[in-house]
Structure formats: C-alpha cells, structure tokens
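Understanding the architecture of this molecule
For reference, the chains in residue letters:
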Amino acid sequence: MATTHTPVPLRDTLRARARRLARLVTTPLVPGDYLSILDPLGSSSDLRGRVEAVLPETADAATLVIRPGRGWAGHTAGQYLRLGVDIDGVRQWRSYSLTSPPRPDGTVTVTVKALPGGTVSQFLVHRLQAGTIVQLDQAAGEFTLPATRPAKALFVTAGSGITPVMGMLRDGADQLDDVVLVHSAPRPEDVIFGAELRGLAARGGLRLIERHTDADGMLDPGGLAALVPDLTERETWACGPNGMLDALQDAYDAAGSGARLHTERFRPALIAVGDGGTVSFTGSAVTADADAATSLLDTGESHGVLMPSGCRMGICFGCVVPLREGSVRDLRNGQVTSAVPGDGVLVQTCVSAAAGPCQLDI
Amino acid sequence: MTTIQKQANNPIAHLSAEDIERLGAELDAIREQVIASRGADDAAYIRRVITTQRVLEMGGRTVLLASRFPPAWFLGTAALTVAKILENMEIGHNVLHGQWDWMRDPKIHSTTWEWDHATPAELWKHSHNQLHHTYTNVLGKDNDLGYGIMRVDEGQRWHPFHLGQPLWNLVNACVFEYGIAAYDLELGKNLRKSRRGNPEFRSRVRQTLRKIRRQATKDYVVHPVLSGPSAATTLTANLTANFIRNLWSHSVIMCGHFPEGVETFERNSIEGETRGEWYLRQMLGSANISGSRLMHIMTGNLSYQIEHHLFPDLPSNRYQEIAPKVQDLFQRYGLSYTTGSLPRQVASAWKKVIRLSLPNDFFGRTEPAPASGSTPTAAPSTPKAELATTASR
Ligand SMILES: Cc1cc2nc3c(=O)[nH]c(=O)nc-3n(C[C@H](O)[C@H](O)[C@H](O)COP(=O)(O)OP(=O)(O)OC[C@H]3O[C@@H](n4cnc5c(N)ncnc54)[C@H](O)[C@@H]3O)c2cc1C
Ligand code: FES
C-alpha cells in the first residue's frame, strides 16, 4: 500500500535536499542568480519574459509578443499581466490586459496605447526593442467570462479598453451565440484591432457597433440603450475611461441589473486635498517631502525605496505597508487614516498620499 | 596629524563661514548634476560588473575542480580572487551604500543585498554607513580611526598596548573580513562583563556566527568536497583567494583615512555642523589613490575616497567623472587634495601606524613631516575670523 505513495515524497525530499545543497554552493546568493546569466528565462521564482516582437497596431498603439519564462502559470482571457521594464535604468511596473487567448506553452500578447507624456506606454510603443528581457508577474484579474457562457453578451469599450475584450473574443467568440460589441474611438483609424473586429463581424461572429467620437460625439447610456435595446438583459463587460464606466454603472443600477455589469478600470479616480507632508520610510532610512496629490508609492519609488506594488490603482492590495505614525489620505475619497506610535495600520500606498508627517515601515 | 582644531596652522582658518557654505552649494550642484544624468548607461555598467564577477567566479570554481594540476590551481585561484575582490569592493560595498537603489531592481538594492563577507550586510551597513560616514575622522566618534585596536592620530591617547600595533595591524590585514565582523559587533566594548549578556548583542553575535558558518562551509567544505580528488588543493585555493582579498581590501581601506595629510577633528567640533562644514570635513578627512581604470575598479572606486565620502550614495562609476570638478574646488578654496599611488599611500599609512605605536614625544617632536601626497594648492589667504568648525572648540 505504502509503495504507491512513496515516490512523490521521496522525489520531493530529494529535490528539497538538492536545493539546499545548491544554496550551500552559492551562498550568500541563490543558484538562480548564477543560472539567470546563462538562461534569463529559466528562473521560476523570478518570472521574466522575452519580447519577441513589437507589432504596430495604430499610430499610437502596439502589440508586444512576449515569451514568458519558466514558471508562467498561464492565464484566462480578460486577465491582465504586470510588466516591469527598465526605462533609463529605472524599473517601472504597469499592468496590461492580455490580448492573446490562453496558450499554456506559447507566447502571450499585450497591447499598449501610448498616452501623451506616459512614461511606460510611450516607451513600450515607441522605444522597446525585440529581444528585451522584461519582468513579469502571474496573470491576475476577475474580468473574465464565466465557464458557462452567457446566452446574450454585451461588450462596451472605448480606446485601449478594447484590450481585455479582444482577449475574450479571441478565446471564446465562437462559444458565444449572441454577442454585441459597442466600441468608441476618435476616428476609424484609431480603432485598435479594427480590421480583425470588422472581419469577425463580417463573418457573423458578433454584432459590431463602432462609434467614432470625433464625428459622432461620446456615447452616453441613453444612446447606448437606443443602439442595444435589450441592454440590461445582457451580461455586460465594460472597459474604458472612468466617466464612461461610472455612467454605465449608474444606469445598470437604476435598472436593477447592476449585477450584470462587469467593469475593468485602468486607473483609479483620484482627488487631492490638503497639504501633503514628510514621509519617513523607516526600514530604508529614507525621508521625503510629498505633496497631497502624489501617492506614497510614487514618493517611495522616486526616492529609491523598494516599494511593493501591484495594480497601482487600489484593487489588488499588493502595495500595502504598515503606517506606524501620522496620517495619510485615501486619494479616492479623501478619507484620512491615522496611526499612533505602536500601531501598524496597513495602508494602500498606491492610492494614499501624506496628510501631514507620517512614518511607513518599509 | 593632530586634530585640525589644535594645529598651529589650521588648514581651514582662511575660510569664512560664507566660504564654507558656498563650497557646500557648489558640491550640492555637482551632486545634482550626477543625479539628473543617472540612466541606462549606469545601470548597464553595474549589471556588466555583476555579470563579469559571477562568470569569473563560476569559471574559477569550475577550473578549481581540477586544482590538483598546478596550472588549474593558479588559474582558478586567480579568477576566484579577482571575483571575490570585485564582489566586496565594486559591487558589495557600493550596493550596500544604496548607490544603485534608484534603479528599483530588488536584486541590486541596499535593503536586499547580502555579500560574500563574514559580517552580515545589515550590521556592516549600520557601523559603516551610519557611524563611519557620519562621524568621519572625528576622534572618539569614528571607530574606523584605528578600529579600536590602534592609535592612528596624535590626538588619541597612547597606551602601552599600542606598542604592539604594527603587529595588530598585520594580523588584522590577514584576517580582515573577520576583523570587520568583530568590529561591527563592537566586540571590544560589548565583551565587557556589564554588556555581555545584552540580548540584543547576543542576537547579533548569533547572526554573525551564522553568516560566518555559511561562508566557511561554502569555501572550506562544500567546494573542496565537490572537487573530489582535488579537495585539498581546492581548499588551499579558496584560503588563498580569501587571504589575498583580505590583504587587498585592508590596504585599500587603510589608504582612505590613515595616510599623512588626512585631517582629524575634535569630538565637539561637529556639534551644530552645517552641511558645508560636513562636506569640508569629508574633503579633509579622506585620501585618494591614483592609478589605472582597472585599479579603480578593483578598489571599488574607493581610490576616489574623497569623492565617495562627499557623495557616498552616487554610483561609483561616476566618481572618476566628478573628480576633476572636486579637485578644482580644492584648488579654489585653498585646500589640500591628498592623493598618491597605492604603494606610496600604503607605506604612508603603515609609517603612521608604526610611528604612533610610540608616545607622541618619543622622538622629541609632535608634528609629522608635511604630507608627501598632498597636491600643491593655492596659497591660503590671510586667516579670517574664527569659523564655525574651529569656533566651537
Ligand atoms: C488592470 C489594468 C489593465 C490595463 N490594461 C491596459 C492595456 O491593455 N493597454 C493599455 O494601454 N493600458 C492598460 N492599462 C493602463 C496602464 O497600466 C498604464 O496606466 C498606462 O499605460 C499609463 O502608464 P504610463 O506610464 O504611460 O503613464 P504615466 O506616466 O503613469 O502617466 C502619464 C499621464 O497619463 C495619465 N494616465 C495614466 N493612466 C491613464 C489612463 N489609463 N488613461 C488616461 N490617462 C492616464 C496620468 O494621470 C498622467 O497624467 C491597464 C491598467 C490596469 C490597472
Ligand atoms: S498596487 Fe494594487 S492596491 Fe495598490
């Protein structure tokens, strides 16, 4: 009886022993520090990827084809990927929705729209070279299709908000019988994946409604309801500017179908009030003056503190750090959180700013 | 050297308080220029050094698997020695100073780095970055002045124990990494009966012993055993590499603050010190080593000790670039930029260690000969009013 179970633990013990021995050989470093010189994608603990191609989509958007290294656990269409790139020597992390359908052993793609003055998006679209090694995190996010596909689906997107939806359509359009996509972009030539979407529509895979806002103006929920009369009966996925998503949420809530609406936001809606203050990062012996609009995450990073981070917009809690003393303000609602010495209130640094002097334990 | 405050010819007496603040502002400007231009080239530099170091180390250790054969022993030992020196000097020391923190690479960051050294990075950062770099050359505050086992300044009181200091210094050079570990634990102070039981001290001792055990196991057990029939020779190779690195880093570090021409400061002279005065103390309290590009890299750019002490957290590859600007400041403000070749500075530091093993007036004089390594500077202007640094005496 026991024999059927022994192989696994034995293999595990051997592997654990081998790992311990390897660490003895390389201390104070870990084996991966040496191995990654030979094979940058080989490490499973430090996930990296190689950019295989940068394909232009529109004048200011491009698709990056990335081969993730060992340890990539795959993704579900609609999820996003955190990407770390070194720009002018400084590592910058941002999230991008996966636009490729899941292919466990293959490459993945993300599609980036260059924002005016955008540090990372401009770099990725215009300066990134094929062959570059980038840092990756496992795919994350709940903006996905359910396993049992809905009978009637609606996608409402604008600008770069098409990206997670493109991932879903590429993965599951053929499993959806009744799909409507309402997409807004300034002009026809600005529509990312325009040709592919129009082709899909022509083959009957979906009903595509393009809205060109330079000519036709922005779409409001009323206009949307006119275009898609059975709107609130449809399981809906929406991604685009916060204003659009807020209006949709209100409309769906008013119709009592709030639960049918799934949204993905690319940035939090922030407000800044007050004066900021001096932030001490006690574990790093760094002190910095911060204004009321700059997140604690940005303040720490720009002073060389190794800040943990994730989505950078208040949803994943990947950035929480104990506040030991002083006050910080939540940039989304202005709420102030305070700590007195001895406390360790966890605060989300990506959406909090100093509200007077404060001490973070990092 | 006697502390600057007690010298007959105070080398900063010609500077007014405003001069010193102007000097500080000029140094701040140099610093800002470097920070504003830090970028991809600098990041590529440190990554290249780290990769080179790791390839050299892997290569050296691989060759040593056959260390029974003398050519393999020599080649492997040489590669490992260079790798170990690079690791401590150009990489470890500088990463732990936070010189590369701006890259936000968690693999090359002062808070995550651990080095190939007996002392744990965390303890070293405290005694080196926080104590030595803050209190540079202040008698009674900067323990680096003789590491607590030697007298390297006339201002330090002589004790018969110091008669043996040439020997202590030699022994320290041979086992330097362990000397530093003991120093970071402040063993001299903490081994006193009253302090020995302090739980915090005990936990630091445990931390250090753990680190030493891991380091020694790697170099003196694991790698020899992996070499099979070459075990004994790999052991001697690793001992040799660590020994040479000890001698090398000890020599380089002695050159930083011990050669003639380097100034020291009174304990109470730094009370209420301004930023300008802090800079001035770093300028006078450090000495450079001249040499080739390779020599600078092998010293971890501590050959630019003056620049390093002014700006401990600027990337080391930039010290060379700002050195001419810093020298120009020394000229214009009538200060001595102490520098010399490695052999000359090492000899100068050793001479001081030997001379000060005896009481000050042993040879009937208290002042040493003028510093040989100092570059000529503009003639000091007429002494102005007492300035803050000296006034606080
Ligand atoms: C879950 C998630 C998925 C995402 N998926 C994608 C994607 O698939 N494709 C894509 O292009 N981007 C996507 N983003 C946005 C992306 O992460 C970056 O925020 C964006 O590329 C801007 O980064 P930047 O460094 O270029 O701009 P920054 O230098 O950070 O900012 C530059 C300026 O643009 C403003 N700004 C920042 N973000 C936005 C925004 N989204 N819209 C308008 N203005 C903004 C800033 O306030 C600032 O004024 C996603 C974000 C999240 C959270
Ligand atoms: S980074 Fe995701 S919540 Fe702050």
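Residues numbered from 1 in each chain as written. Chains lettered and ligands numbered in written order. Predicted model: local features only at pLDDT ≥ 70, side-chain atom pairs only at ≥ 80, totals over all residues. Heavy atoms only, no water.

Topic: the overall build of chain B
Along its length, chain B carries 16 helices and zero strands. Taken against the 2.2 N^0.38 rule, which gives 21 Å for 393 residues, the C-alpha radius of gyration of chain B at 22 Å falls within 12% of a compact globule. Seen along its three principal axes, the alpha-carbon backbone of chain B occupies a region of about 70 × 55 × 40 Å. The burial tally for chain B puts 55% of its 393 residues in the buried class. Residue pairs at least 24 apart in sequence account for 75% of intrachain contacts in chain B once pairs closer than 6 positions are excluded. As presented, chain B carries roughly 16,400 Å² of accessible surface, and 62% of it is formed by carbon and sulfur atoms. Counting 44 positive and 38 negative side-chain charges, chain B places the centres of these two groups 8 Å from one another. (Helix = DSSP H or I, 4+ residues; strand = E, 2+ residues; numbered from the N terminus. Rg over C-alpha atoms; globule rule 2.2 N^0.38 Å. Buried < 20%, exposed > 50% of the residue type's maximum accessible area, 1.4 Å probe, protein only. Contact = heavy atoms within 4.5 Å. Areas by Shrake-Rupley, 256 points an atom, 1.4 Å probe, with all protein chains shown as cover. Lys, Arg positive; Asp, Glu negative; His and termini not counted. Charge placed at Lys NZ, Arg CZ, Asp CG, Glu CD.)

A look at the site of ligand 1
Residues and elements named next belong to chain A. The environment of ligand 1 is formed by 22 residues, the closest being Ser95, Tyr96, Ser121, Thr163 and Arg267. The side chain of Arg94 places a nitrogen or oxygen atom 2.9 Å from an oxygen atom of ligand 1. Note that an oxygen atom of ligand 1 is positioned 2.5 Å from one of the side-chain N or O atoms of Arg267. Only strand S4 (90-97), strand S5 (108-113) and helix H3 (119-127) provide two or more residues apiece to the shell around ligand 1. For the shell around ligand 1, the element with the highest residue contribution is S4, accounting for four residues. A breakdown of the residues in the shell around ligand 1 according to their chemical character gives eight nonpolar, nine polar and five charged. (Near = heavy atom within 4 Å. Polar contact = N/O pair within 3.5 Å; in protein donor to acceptor, adjacent residues only side chain to side chain. Nonpolar A, V, L, I, M, F, W, Y, C, P; charged D, E, K, R; others polar.)

Let's talk about the pairing of strand S6 (residues 133-136) of chain A
Residue and element names in this part refer to chain A. Examined bridge by bridge, strand S1 (residues 48-58) and S6 share three bridges and lie antiparallel to one another. Bridging across to S6, Gly49 finds its partner in Val134. With two bridges connecting them, strand S3 (residues 80-87) and S6 associate as antiparallel partners. When the sheet's bridge partners are listed, Gly84 is paired in S6 with Gln135. (Pairing = 2+ DSSP bridges.)

Quick look at the environment of Thr81 of chain B
Residues and elements named next belong to chain B. Along the chain, the position of Thr81 falls in helix H3 (residues 70-96). C-alpha of Thr81 to C-alpha of Glu57: the two residues are 24 residues apart in sequence and 8.5 Å apart in space. Beyond its immediate stretch of four places on either side in the chain, Thr81 contacts Ala241 and Ile244.

Focus: the pairing of strand S9 (residues 207-212) of chain A
Residues and elements named next belong to chain A. Relative to S9, strand S8 (residues 178-185) is paired through six bridges, and the arrangement is parallel. Bridged to His183 within S9 is Glu210. In the classification by handedness, the crossover that spans S8, the intervening helix H5 (residues 194-202) and the parallel S9 is right-handed. (Right-handed = clockwise from strand over helix to strand, strands pointing away.)

Re the sheet that holds S3 of chain A
Residues and elements named next belong to chain A. Pairing is antiparallel in the open sheet, where six strands are placed in the order S4-S3-S6-S1-S2-S5. Only two strands of the sheet have a single neighbouring strand rather than two, namely S4 and S5. Neighbour-to-neighbour, the strand axes of the sheet open up by a mean angle of 40 degrees, direction not taken into account. Each of S1, strand S2 (61-68), S3, S4 and S5 is contacted by H3, which is oriented at about 80 degrees to S3, the strand it contacts most. (Axes fitted to C-alpha atoms, helices over the stretch in contact; angles between N-to-C directions.)

Considerations on the domain arrangement of chain A
Residues and elements named next belong to chain A. The assigned domain composition of chain A is domain 1 (48-136), domain 2 (152-265) and domain 3 (277-360). Each of domain 1 and domain 2 has a C-alpha centre, and these two points are 24 Å apart. Counting residues at the interface gives 15 residues for domain 1 and 14 residues for domain 2. A combined buried area of about 1,100 Å² lies between domain 1 and domain 2, and 66% of that area is made up of carbon and sulfur atoms. At the boundary of domain 1 and domain 2, one finds zero salt bridges. Put simply, domain 1 and domain 2 have one residue pair in polar contact (both at pLDDT 80 or more) between them. Among the elements that line the side of domain 1 that touches domain 2, the one with the most residues is S5, at three residues. Residues belonging to the side of domain 1 that touches domain 2 are distributed by class as follows: six nonpolar, seven polar and two charged. (Domains from an automatic or database assignment. Buried area = accessible area lost by both parts, 1.4 Å probe. Salt bridge = Lys/Arg side-chain N within 4 Å of Asp/Glu carboxyl O.)

Thoughts on the packing of aromatic side chains
Residue and element names in this part refer to chain B. Per the stated rule, a full pass over the model turns up twelve aromatic pairs over all chains. Pairing Trp100 with Trp102 gives two aromatic rings, centres 6.3 Å apart and planes at 40 degrees, and the pair type is tilted. Taken individually, Trp100 and Trp102 each receive the classification buried, so the pair is uniform in this respect. With a centroid separation of 5.9 Å and an interplanar angle of 65 degrees, the aromatic rings of Tyr279 and Phe311 are classed as edge-to-face. One end of the pair, Tyr279, is in helix H11 (residues 275-284); the other, Phe311, is in the loop between helix H13 (305-310) and helix H14 (319-332), and 32 residues separate them in sequence. (Phe/Tyr/Trp six-rings, centres within 6.5 Å; stacked < 30°, edge-to-face > 60°.)

Re the environment of Pro224 of chain B
All names here are of chain B. Mapped onto the elements of the fold, Pro224 is located in helix H9 (residues 199-226). The buried category is assigned to Pro224, whose relative accessible area is 5%. For the pair Pro224 and Gln320, spaced 96 residues apart in sequence, the C-alpha to C-alpha distance is 40 Å.

Some words on the pattern of salt bridges
If the charged atoms of two oppositely charged side chains come close together, the side chains can form a pair. Residues and elements named next belong to chain B. Counting across every chain of the model gives 45 salt bridges over all chains. Of the charged contacts, one joins Lys189 and Glu186 as a salt bridge, the two residues approaching to 3.0 Å between their closest N and O atoms. With a relative accessible area of 21%, Glu186 lands in the partly exposed category. Through salt bridges with shared partners, a single network forms among Glu57, Arg61, Lys84, Asp116, Glu177, Lys218, Asp219 and Arg245.

Points about unusual backbone geometry
All names here are of chain A. Look at the link from Thr27 to Pro28: it is a cis peptide, with omega at 5 degrees. Within the element layout of this structure, Pro28 appears in the loop between helix H1 (7-26) and helix H2 (31-38). Its identity as a non-glycine residue notwithstanding, Ala285 has a phi of 55 degrees, on the positive side. Counting through the fold element by element, Ala285 comes out in the loop between strand S12 (277-281) and strand S13 (286-290).

Section: the confidence of the model for chain B
Taken over all residues, the pLDDT of chain B has a mean of 90, while the share at 70 or more is 92%. Interface predicted TM-score (ipTM) for the complex: 0.88; the corresponding pTM is 0.91. (pLDDT = per-residue confidence, 0-100.)

Some words on the interface of chain B and chain A
Each side of the interface is counted separately: chain B has 30 residues, and chain A has 22 residues. For the chain B and chain A pair, buried surface summed over both sides reaches about 2,300 Å², with 61% attributable to carbon and sulfur atoms. At the junction of chain B with chain A, the criterion picks out five salt bridges. A salt bridge links Lys107 of chain B to Asp33 of chain A; the shortest N-O distance between them is 3.1 Å. For the pair chain B and chain A, the number of links is eleven residue pairs in polar contact (both at pLDDT 80 or more). Contributions of two or more residues to the side of chain B that touches chain A are made by helix H2 (40-64) and H9 of chain B. Counting residues per element, the side of chain B that touches chain A draws most heavily on H2 of chain B, which supplies eight residues. Taken together, the residues that form the side of chain B that touches chain A break down as ten nonpolar, seven polar and 13 charged.

Thoughts on empty space enclosed by the protein
The rolling of a water-molecule-sized probe over the atoms marks out the regions of remaining empty space. Residue and element names in this part refer to chain B. Applying the stated criterion to the full structure yields five cavities of 30 Å³ or more. For the largest cavity, the calculated volume is near 340 Å³. Lining the largest cavity are 26 residues, and of these Trp124, His128, Phe176, Ile180 and Ile253 lie nearest its centre. Of all the secondary-structure elements, those providing two or more residues to the lining of the largest cavity are H3, helix H4 (121-132), helix H6 (176-184), helix H10 (231-257) and H13. Its residues placed into classes, the lining of the largest cavity shows nine nonpolar, 13 polar and four charged. (1 Å grid on protein atoms, 1.4 Å probe; cavity = no way out; pocket = protein on both sides within 12 Å on 5 of 7 lines; lining within 4 Å. Points joined across faces, edges and corners; volume = space filled by probe spheres on them.)

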